[in-house]
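Working through the structure, step by step
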Amino acid sequence: MSPTTLSQSDSTRVSVRHRGRRLGALALAMLTVTTGAVITGVVTAPEALAADNGQWSVFPVQPKGRQDRVAYFLEVAAGQTYRDAVTIKNKLDRPIFLELRTADAMNAQAGGFAPRRPGEPNTGVGSWVKLPTKSVNIAAKATITIPLIMTVPRNATPGDHVGAILALDPTVRGTAAGGTQIGATYEVGARVYARVAGQLTTQMSVQNVELEVKQKAIFPFFQHGKGVIRYTIVNTGNTRINAAEKVEVTGLFGRSLSSFPTRGVPELLPGGSFVVELAWDGVPALDQVHIRVDLQAPGTSAGGDRTDWVISWIFLLIVLGLMFAVMLYRWWKNRNRHDDEPAPLTSGTPFPSSVGVTSSAVGVEASPGRSRHGRRG
């Protein structure tokens, strides 16, 4: 099963029922989205950064003298037992019942922090952390603290192991619109980052760089199409990575087509991977496109590229049609010019003027001869 996504501060499990024209027709879809807190700095109140959906929040208990811990960042060793506590605050004006669970986490397909769904097996932090209860009742506007114990297995591998402590309201809330019924449950979780002592490797790779053209341009130099640059980032090490992305696109002969500003990509967990997409509105109509992706992170870097031809077949057909029309016109013009010229004489035709002159000359020379012979006789 695909993981849920923990990227903001609340979790929603949505089930959709749709009634069609027939009363017996029923389509059911289930979508679970889990979100959690993101560390952005030191604040004076934990709720400012805690995993929060506006109804309740989940965050680590605050040590004496600190008010900024919104996730668990633990340095542990294989075989060690660690004790801590989790705080849950009810922000509603009524009591609330919550179910508690722990889960391993991984990267969602498009990035983001994704705890495993209920019922999926846990082999990391989700199985290391134990809570004394599986559910709690919290009075209106009340806050409770629950102890937890994390036991790291002796065979735990070095590096970062990631999970979450989650509080779920099992009450299904639904709405109906346009013949569709939607039921949702909400879940909030605090992240757990446990780094097991040992040899650490920070390493990543960029794979499967590609360009998908969504809207093609027809005429070069006058139009640009729309597309999506896509690549896969893979964490091949054992530490979590926060990388910055730089993408450049060049055309034929190294011409610069586009240079995107540097931006951060979602956190990459050990062994995780996800697909990064970048919208590009400058796709040429006809060019050789070279895409270069570079990622930089503390202690590591990675890159990948791809070269493709972008061809406007409509433009090529127009050009070929014009070329054919020009060739056809030249052929027609040459044919008409040859038809207007007189036909050449053949080699068997006599030349009357020359024959007449020869006969006359012979006659002049013969007359004197005959006269002389006549007088002699």
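Residues numbered from 1 in each chain as written. Predicted model: local features only at pLDDT ≥ 70, side-chain atom pairs only at ≥ 80, totals over all residues. Heavy atoms only, no water.

Here we look at the environment of asparagine 137
Quick note on the threshold: Put simply, DSSP marks the helices as runs of H or I at least four residues long and the strands as runs of E at least two long, and each gets a number from the N terminus on. The contact rule is simple, with two residues in contact once any of their heavy atoms fall within 4.5 Å.
Its location among the elements puts asparagine 137 in strand β10 (residues 135–138). A sequence separation of 47 residues divides asparagine 137 from asparagine 90, and the C-alpha atoms of the two residues are 9.7 Å apart. When near neighbours in sequence (up to four residues on either side) are disregarded, asparagine 137 contacts Ile96 and Phe97.

Notes on the pattern of salt bridges
This is how it is decided: By convention in these notes, a salt bridge is any Lys or Arg side-chain nitrogen within 4 Å of a carboxyl oxygen on Asp or Glu. Each residue is placed in one exposure class: buried if its accessible area under a 1.4 Å probe, protein chains only, is under 20% of its type's maximum, exposed if it is over 50%, and partly exposed if it falls in between.
By the definition in use, this model includes 16 salt bridges. Note that arginine 292 and aspartate 305 form a salt bridge whose closest N and O atoms lie 3.7 Å from each other. With a gap of 13 residues between them, arginine 292 in strand β20 (residues 287–297) and aspartate 305 in strand β21 (residues 300–310) connect regions that are remote in the sequence. Owing to a relative accessible area of 32%, arginine 292 belongs among the partly exposed residues under this scheme. Aspartate 305 sits in the partly exposed class, given a relative accessible area of 42%. Shared partners join several salt bridges into a network, and the residues in it are Glu210, Glu212, Lys214, Arg230 and Glu277.

Re the side chain of asparagine 238
In plain terms, the rule: In protein, a polar contact requires one atom able to donate a hydrogen and another able to accept it; more generally it is a pair of N or O atoms within 3.5 Å, and residues adjacent in sequence count only if both atoms are side-chain atoms.
Looking at the element boundaries, asparagine 238 is found in the loop between β15 (225–235) and β16 (244–250). A polar side-chain atom of asparagine 238 sits 3.3 Å from the main-chain carbonyl oxygen of proline 158. At a separation of 2.6 Å, a polar atom in the side chain of asparagine 238 contacts the main-chain amide nitrogen of threonine 201. Leave out the neighbours within four places in its chain, and asparagine 238 touches Pro158, Gly159, Asp160, Gln199, Leu200, Thr201 and Pro270.

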